[in-house]
There are 2 protein chains.
Amino acid sequence: MSTGNDTLGSDQPKDEGYDLDRRLVAGILFAVDRDDKAALTTLMEDLHAADIADLLEQINSYDRTRLIRLFGREFDGEILSELDESIREEVIATLNPTVLADAVRELETDDVVDLVEDLEEPQQEAILEALEDSDRVAVEQSLSYPENSAGRLMQREVVMAPEHWNVGQAIDYMRESEDLPEQFYHMVLVDPRLRPIGNVTLGRIMGTKREVPLTDLLEETFQVIPADQDEEDVAYAFNQYHLISAPVVDGDGRLAGVITIDDAMAVLDEEHEEDILRLAGVGDESSLADRVIETTKRRFPWLAVNLVTAVLASLVIAQFEATIAQFVALAVLMPIVASMGGNAGTQSLTVAVRAMATRDLTGSNVWRVIRREVLVGLVNGVIFAVVMGVVGVIWFGSPSLGGVLAAAMVINLVVAGLAGTVIPVLLEKMGVDPALASGAFVTTVTDVVGFFAFLGLAAWVLL
Amino acid sequence: MSTGNDTLGSDQPKDEGYDLDRRLVAGILFAVDRDDKAALTTLMEDLHAADIADLLEQINSYDRTRLIRLFGREFDGEILSELDESIREEVIATLNPTVLADAVRELETDDVVDLVEDLEEPQQEAILEALEDSDRVAVEQSLSYPENSAGRLMQREVVMAPEHWNVGQAIDYMRESEDLPEQFYHMVLVDPRLRPIGNVTLGRIMGTKREVPLTDLLEETFQVIPADQDEEDVAYAFNQYHLISAPVVDGDGRLAGVITIDDAMAVLDEEHEEDILRLAGVGDESSLADRVIETTKRRFPWLAVNLVTAVLASLVIAQFEATIAQFVALAVLMPIVASMGGNAGTQSLTVAVRAMATRDLTGSNVWRVIRREVLVGLVNGVIFAVVMGVVGVIWFGSPSLGGVLAAAMVINLVVAGLAGTVIPVLLEKMGVDPALASGAFVTTVTDVVGFFAFLGLAAWVLL
């Protein structure tokens, strides 16, 4: 059984994987071409809003506009909130203002916050004006918290109970309440000053006798989230402590809202995307729906940084032009040393960046990890030194050239292990995201050291 | 407010971030040094099992063994199940068999499955024997599903109800039931053949009149997971459709268990770790707690592959030894072309690998994405060609050398965009994880093309 490996251009019928069916996409575009609203509506009927959003991201801008126009009033708010930021503005601009207003009014306030926070002023205004007064106030309050904070992530509807209630009172309250949230999993117990003191799951309430006090049923793991906490830390807490929902408190410790795990999971996913793209030197928010010009702009600065580091490496080589002129074999072999160093450095750096993201690399073990990386570089360096020494001797018939190659390899792999760990650690201490900037620094170090060690030793030994 | 940037060696008091306090770790190790069980127990008392597991991962093996021995009977099963696989075996071997048996008996069966599935035969046996008969059978049944499948991830305790029940019947059933699971969020409605037909949240049940049929309260989004589905697809479904829990069915479509979002979130996190480490050429399961020798072994094969690709690139250079001997400037400049190509290729490849993981790159848009990447390569290539052409002229005073450098830059950046997208797509079609193997292929292409284009053009134009 295969579930993810036949995504691309597969002719097989769809299995239980969750990829958009290629034929369905073709059928939808065919309906758009023929301006056939009935066929379009039928084909899209069973698609989840998240899948419709994916579909809109995968087709080109021209088809997207026509599809949205044809789809008309069927377009709902969920689709907007699932859409990638990069094409949200375009889609909002395409939507008929009445359709947009209806779509937005269907959404929960935390989804509206997520939707409007990255929009330009006029679009933001248009959406806020479409909301009912009470919702608009709630959205504006959320927007007053810092970007990427728990306050922006939380929903305001909370089911709470005074700490002295028993199970019976909780059940009666919920059964008599008119406006329970659509989805909730816990009752939050609060003290008289509205400070949360614990969570009780609905399941425990269901399974317990009426006279038992709620405080007997408190969940063992309970985390209170400050509203100004960074969403990255929120996601970490949910993942680390297996939370399902957690109360959010304002500056005075009073209950302000609640965050549920599905939102935390989405943040975790975004943070990972950010890390993986930053490590590869691709700016944030890159999306397949971006156009050529946006993508070029986003990647350009990283390539420019790389050009500077490459020129630095070239300047090192230029110091040894005379040596290379005498032994052209050096020019043939020198990229090997630099390349091995670059790779080993990337290995160390990725492990370090990932370990910092998961809070596994801390002040308590940083020295041990640095020592380990250096030793790993040393061991691998010695092994590859032997291999390359032999290759050098066989290929160019020169034991001293082989020796120089071997020595440079050991030096560069040790330096790679050291730089690959120390550089991200220092960047984090300086408040710079290590995923963002480490790569360029580490490669510069391994290139410069690689060329310098190899050519320098060669100049010394061979001349 | 800073929550994650002062992890390393900070002297500040702990803020609300979730890093292990460095002083606490020092205090715990001091207690271990003094063999002071009372102090150790006090210091560890408030730590969550996940934090204790992190602590054990961060200290060295000698301290770990002494800490576990001193901690003695306080050691509980949760800690084991939170521990990184790489040191689980060591910790299990350290634990007193009675403590181990007690620890394991506390765990839910799905956690036991997660614990034993990667252990060697004798340790696995020891743990299974410690379980009660019914639990052992449940664990063995789960282990009969393929590795990394939904069947291994699910818990077997499900709260289900016949589809014809109303709210009142559901409430009465739950309130009279003696053994509801510790945590559950939905009732699963099943037909007479035990096939799940929908989920009803406990919150909806709480807020609805007794006579309303449960089928009126079905959640809109409902996904049934086949027991043999890959856990990666399970995590994708939870994230895509914002599921909180989903029923798992056996081959006949009958309810076999349930997966909850916290397990899916853990899988999502692992999959990300795997992708990020594989992209960097670090084998799976690398952990900071690994020793030098294990780490070396894991990284060695990737460096060996890189060595082969680097030697391939050298063979290309070797074809042009005569040209380089005449123009040593070529040796100085050639790494720039290769390095820019390597970087641009890594950018394209990372975007493609990530987009395949999130199902955003599919048969429907693959050609458009390839075209975009090639165009981005072309535009960036032309810009950097102009820059480097000018640098070539100024540095070496040779317009033809500048022209060669510029032309090679354009060629290599276009090839990088093409190879960076096509190679991962082809690997996925062939059933190979693109994160695992793309890097080596793409770098080989950009190195070989970079050196060949630059030196070949130089030989043609300059000689």
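So, how was this worked out
Residues numbered from 1 in each chain as written. Chains lettered and ligands numbered in written order. Predicted model: local features only at pLDDT ≥ 70, side-chain atom pairs only at ≥ 80, totals over all residues. Heavy atoms only, no water. Contact = heavy atoms within 4.5 Å. Buried area = accessible area lost by both parts, 1.4 Å probe. Salt bridge = Lys/Arg side-chain N within 4 Å of Asp/Glu carboxyl O. Polar contact = N/O pair within 3.5 Å; in protein donor to acceptor, adjacent residues only side chain to side chain. Helix = DSSP H or I, 4+ residues; strand = E, 2+ residues; numbered from the N terminus. Nonpolar A, V, L, I, M, F, W, Y, C, P; charged D, E, K, R; others polar. Buried < 20%, exposed > 50% of the residue type's maximum accessible area, 1.4 Å probe, protein only. Pairing = 2+ DSSP bridges. UniProt positions renumbered as here; feature names shortened; annotations may be inferred. Axes fitted to C-alpha atoms, helices over the stretch in contact; angles between N-to-C directions. Parallel < 35°, antiparallel > 145°, perpendicular 65-115°, else oblique. Left-handed = near helix turned anticlockwise from the far one by under 90°. Domains from an automatic or database assignment.

A. Broad picture of the interface of chain A and chain B. In this complex, chain A contributes 147 residues to the contact, which on the side of chain B involves 148 residues. Of the roughly 13,200 Å² buried between chain A and chain B, counting both surfaces, carbon and sulfur atoms make up 62%. For the pair chain A and chain B, the interface holds 6 salt bridges. Between Arg354 of chain A and Glu273 of chain B there is a salt bridge whose closest N-O contact spans 2.4 Å. On inspection of chain A and its partner chain B, the count reaches 50 residue pairs in polar contact (both at pLDDT 80 or more). The element contributing the most residues to the side of chain A that touches chain B is helix H18 (residues 329-357) of chain A, with 19 residues. Considering only residue class, the side of chain A that touches chain B consists of 76 nonpolar, 39 polar and 32 charged.

B. Just the pairing of strand S5 (residues 245-249) of chain A, in detail. All names here are of chain A. Burial within S5 is extensive, with 5 of its 5 residues counted as buried. Side chains Ser245, Pro247 and Val249 project from S5 onto one buried face, and the interleaved Ala246 and Val248 project onto a second face that is buried too. Pairing between strand S4 (residues 225-226) and S5: 2 bridges, direction parallel. Within the sheet, the bridge partner assigned to Ile225 lies in S5 and is Val248. Here S5 pairs with strand S6 (residues 255-260) via 5 bridges, running antiparallel. Looking at S6, one finds that Ala246 is bridged to Ile259. Between S5 and S6, which pair antiparallel and follow one another directly, the connecting turn spans 5 residues, one of which, Gly253, has a positive phi of 80 degrees.

C. Structural detail: the UniProt feature "transmembrane region" (unreviewed entry) in chain A. On the UniProt side, "transmembrane region" (unreviewed entry) is annotated at positions that read residues 300-318, 324-353, 374-397, 403-427 and 439-462 of chain A here. Secondary structure over residues 374-397 of chain A splits into 96% helix and 0% strand, and the C-alpha atoms at its two ends are 32 Å apart.

D. Region of interest: the packing of helix H20 (residues 399-429) of chain A against helix H21 (residues 434-462) of chain A. All names here are of chain A. Two elements in contact, H20 and H21, have axes separated by 8 Å at closest approach and are oriented at 155 degrees. As the angle between them shows, H20 and H21 are arranged roughly antiparallel. Relative to H21, the crossing made by H20 is right-handed. Residues that form the contact of H20 with H21 fall into these classes: 24 nonpolar, 6 polar and 1 charged.

E. Focus on the sheet that holds S4 of chain A. If you walk across this open sheet you meet the 3 strands as S4-S5-S6 (chain A), and the pairing is mixed. The sheet is open, and its two borders are formed by S4 and S6 of chain A, each paired with just one other strand.

F. Structural detail: unusual backbone geometry. Phi at Arg359 of chain A takes a positive value of approximately 60 degrees, unusual for a residue other than glycine. Take Arg359 of chain A: it is sitting in the loop between H18 and helix H19 (366-396). Looking at Arg359 of chain A, the relative accessible area reads 6%, which means it is buried. The residue Leu194 of chain B is not glycine, and still its phi comes out positive at about 65 degrees. Locating Leu194 of chain B in the fold gives a position in the loop between strand S2 (186-190) and strand S3 (196-201).

G. Examining the domain arrangement of chain A more closely. Residues and elements named next belong to chain A. Annotation of chain A at the domain level lists domain 1 (22-144), domain 2 (160-279) and domain 3 (292-462). Listed by partner, the interface residues are 8 residues for domain 2 and 11 residues for domain 3. Both faces considered, domain 2 and domain 3 share a buried interface measuring about 830 Å² in area, 54% of it formed by carbon and sulfur atoms. Taken as a group, Tyr236, Arg278 and Leu279 account for 67% of the area that domain 2 buries against domain 3, more than any other trio of residues on that side. For the pair domain 2 and domain 3, the interface holds 2 salt bridges. In this structure, the salt-bridge partner of Asp433 is Arg278, at a minimum N-O distance of 2.4 Å. In this assembly, domain 2 and domain 3 are joined by 3 residue pairs in polar contact (both at pLDDT 80 or more). Contributions of two or more residues to the side of domain 2 that touches domain 3 are made by helix H14 (231-241) and helix H15 (261-279). The element contributing the most residues to the side of domain 2 that touches domain 3 is H15, with 5 residues.

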